[in-house]
Amino acid sequence: KEVPVENIFHPCRFYQWDEILMNTGGGTWNETTYTNLAAGPMEYTGNPFDVALHDEPHSGKYSFFMSQRGDGTTYYSRDGHFIPDQKGILRNIAGDMVLGPEGEPINVTAPPNSIIAIGEEGSIIANLPGDEGNEILGQLGIMRTADWDLMVKTGENHFNASGATMENYQNG
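Residues numbered from 1 in each chain as written. Predicted model: local features only at pLDDT ≥ 70, side-chain atom pairs only at ≥ 80, totals over all residues. Heavy atoms only, no water.

Caption draft 1: Quick peek at the side chain of Asn-47. Note on placement: Asn-47 falls in the loop between α1 (19-24) and β3 (62-68). Within the structure, the side chain of Asn-47 is placed 3.1 Å from the backbone oxygen of Phe-82, a separation counted as a polar contact. If we ignore the near neighbours within four places in the chain, the residues touching Asn-47 are His-81, Phe-82 and Ile-83. (Helix = DSSP H or I, 4+ residues; strand = E, 2+ residues; numbered from the N terminus. Polar contact = N/O pair within 3.5 Å; in protein donor to acceptor, adjacent residues only side chain to side chain. Contact = heavy atoms within 4.5 Å.)

Encoded structure:
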C-alpha cells in the first residue's frame, strides 16, 4: 500500500511512499544530481605544478585540462594537481599524462637549480639560476566548451568530450 508523504526539504512536493518502508525506516529518495563546475577557492599549495582554472564570468564556457590514459584515450578534467614522473613527464593524480595544446605529453625536466612557474595562459617556464634567463618547458593543453552538459563523467575527475565541441583556449 502506498501512502502520500510530504517532503520536509521540498514542502511543495509530495511523494508516494511504500507503507512497509515507512514502518521500517528504510528506503531512499532519488533526486536529480548535477555537476557543479564552479571554481573552488584558490589556495597556495607549495607545488609549482598545481594550477587552477579561472573561466570568464557569465561566458557560459568552462575550461578543462587535457590528459591521456595509458590506452591512448584523451580525457578532460578541471583538477589541476599535477606532478612530474621520474622521466619528467607531467602527470595528474590518476597517473595520466597531462597534454599540451596539440595533444603532446609535456616534459618538465629543467636545468638544476631552476625555479618552475606556470603562467596565466598555461606556459610552463623554468627560471634559470643567475642571469641565465628563462626556458619554456611546455604549455598546458587547456580546452574549453559551452557544451559541458554533453560531456560524460568517467570517474576520477575525468570527463569524455562525447558530443561536446572543445576549442583550444590558447587559440581562442
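Caption draft 2: The packing of aromatic side chains, seen in detail. In total, this model carries three aromatic pairs according to the counting rule given. Relative to Trp-148, the ring of Tyr-62 lies with its centre 5.7 Å away and its plane at 80 degrees, an arrangement referred to as edge-to-face. With Tyr-62 in strand β3 and Trp-148 in the loop between β11 (142-145) and β12 (152-155), the pair connects residues that are 86 residues apart, well separated along the chain. Judged by its relative accessible area of 24%, Tyr-62 falls in the partly exposed class. Ring plane angle 85 degrees and centroid distance 5.1 Å describe the contact between Phe-65 and Phe-82, whose orientation is recorded as edge-to-face. Highlighted residues: Phe-65 in strand β3 and Phe-82 in strand β5 (residues 82-84), separated in sequence by 17 residues. (Phe/Tyr/Trp six-rings, centres within 6.5 Å; stacked < 30°, edge-to-face > 60°. Buried < 20%, exposed > 50% of the residue type's maximum accessible area, 1.4 Å probe, protein only.)

Caption draft 3: View of the pairing of β12. Looking at chain direction, β12 and strand β13 (residues 158-160) are connected through three bridges and run antiparallel. Within β13, the residue paired with Val-152 across the bridge is Asn-160. Between β12 and β13, which pair antiparallel and follow one another directly, the connecting turn spans two residues, one of which, Glu-156, has a positive phi of 50 degrees. (Pairing = 2+ DSSP bridges.)

Caption draft 4: Seen up close, the pattern of salt bridges. For the structure shown, the criterion picks out seven salt bridges. One salt bridge in this structure joins Glu-167 and Lys-61, with 3.1 Å as the shortest N-O distance. You can see Glu-167 sitting in strand β14 (residues 167-168) and its partner Lys-61 sitting in the loop between α1 and β3, a full 106 residues away along the chain. You can call Lys-61 partly exposed: its relative accessible area is 28%. Linking Glu-167 and Arg-144 is a salt bridge whose minimum nitrogen-to-oxygen distance equals 2.7 Å. With Glu-167 in strand β14 and Arg-144 in strand β11, this pair connects stretches of sequence that are 23 residues apart. Exposure remark for Arg-144: the relative accessible area of 8% places this residue in the buried category. Each of Glu-56, Lys-61, Arg-144 and Glu-167 takes part in salt bridges that share partners, so that together they form one network. (Salt bridge = Lys/Arg side-chain N within 4 Å of Asp/Glu carboxyl O.)

Caption draft 5: Spotlight on the nonpolar core. Residues Phe-49, Phe-82, Leu-90, Ile-106, Val-108, Ile-124 and Leu-140 are the most contacted members of the largest nonpolar core, which totals 17 residues. Listed in part, the 13 residues of the second largest apolar core include Met-97, Met-143, Ala-164 and Met-166. (Core = buried A, V, L, I, M, F, W, Y, C linked by side-chain atoms within 4.5 Å.)

Caption draft 6: Main features of the sheet that holds strand β9 (residues 123-127). Across the sheet, three strands lie side by side as β8-β9-β10; this open sheet has antiparallel pairing. Each having just a single partner strand, β8 (115-118) and β10 (134-139) make up the two edges of the open sheet. Adjacent strand axes in the sheet meet at a mean angle of 25 degrees, parallel and antiparallel pairs treated alike. Of the strand pairs in this sheet, β8 and β9 are connected by four bridges, and their pairing is antiparallel. (Axes fitted to C-alpha atoms, helices over the stretch in contact; angles between N-to-C directions.)

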